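Listed here are the chains, written in short residue letters.
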Amino acid sequence: MNSGMVRGIAFDCHRLLSPAQECSDKMRAAITGVSGYWVDLGGEEFKQHCEEWIKKMNEFKSTIAQIESNMMKYADKLQVEEERAEAARLKEAERQASERAAAAAAAAAKSKGKIK
């Protein structure tokens, strides 16, 4: 797994936050101003269920936000590791190219020495 994949998953988590907030807001609106008439017909129980649901939705949002944050931290860590690995790969490639150039120069010098 690379940093880009982890960031993508974190983004998917982030996309859950807005709909969760909308649902919570709709539930809050549904129980705002429940009249006494509805309280007598089970409105109070409905209100309690809604408040419990809102509480759980807020916990869900908090958990998702924490997961997103942790994933972004992990993605940052992976990116640093990826950059270090790439730098090491480039350094090794430069070393090998330098060795090849030195070997070619030595062979050319040896070849010139035999011709004379």
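Bear in mind the structure is a predicted one, so any value in this text is a computation, not a measurement.

*Asks:* Provide a residue-level description of the nonpolar core, including the pertinent values.
*Replies:* Core analysis: the largest hydrophobic core is formed by 8 residues, namely Val 6, Ala 10, Cys 13, Leu 17, Ile 64, Met 71, Ala 75 and Leu 78. Looking at this core, the elements with two or more residues in it are α1 (3-31) and α2 (36-115). Setting aside chain neighbours within four positions, we find Met 71 in contact with Val 6, Ile 9, Ala 10 and Cys 13.

*Asks:* Any details on α1? Residues and values, ideally.
*Replies:* The first and last C-alpha atoms of α1 sit 43 Å apart over 29 residues, in line with the 42 Å expected at 1.5 Å per residue. Listed in full, the buried residues belonging to α1 are Ser 3, Val 6, Ala 10, Cys 13, Leu 17, Ala 20, Ser 24 and Ile 31. Where α1 begins, the side chain of Asn 2 points an oxygen toward the backbone nitrogen of Gly 4, at a separation of 3.0 Å. At the exit of α1 stands Gly 33, carrying a positive phi of roughly 75°.

*Asks:* Let's hear about the pattern of salt bridges: which residues, and what values?
*Replies:* Throughout the structure, instances matching the rule amount to 5 salt bridges. A salt bridge links Asp 12 to Arg 15; the nearest nitrogen and oxygen atoms lie 3.7 Å apart. Of this pair, Asp 12 and Arg 15 both sit in helix α1, 3 residues apart, which is roughly one turn of that helix. Accessibility expressed as a relative area gives 52% for Arg 15, which makes it exposed. Between Glu 92 and Arg 95 there is a salt bridge, with its nearest N and O atoms 2.3 Å apart. Separated by 3 residues within a single helix, Glu 92 and Arg 95 lie in helix α2, roughly one turn from each other. Residue classification places Glu 92 among the partly exposed residues on the basis of a relative accessible area of 31%. Within the structure, one salt-bridge network assembled from shared partners comprises Glu 92, Arg 95 and Glu 99.

Parameters and conventions
- Residues numbered from 1 in each chain as written.
- Predicted model: local features only at pLDDT ≥ 70, side-chain atom pairs only at ≥ 80, totals over all residues.
- Heavy atoms only, no water.
- Core = buried A, V, L, I, M, F, W, Y, C linked by side-chain atoms within 4.5 Å.
- Buried < 20%, exposed > 50% of the residue type's maximum accessible area, 1.4 Å probe, protein only.
- Helix = DSSP H or I, 4+ residues; strand = E, 2+ residues; numbered from the N terminus.
- Contact = heavy atoms within 4.5 Å.
- Expected span 1.5 Å × (residues − 1).
- Polar contact = N/O pair within 3.5 Å; in protein donor to acceptor, adjacent residues only side chain to side chain.
- Salt bridge = Lys/Arg side-chain N within 4 Å of Asp/Glu carboxyl O.

Distances and angles like these do not, on their own, reveal function.
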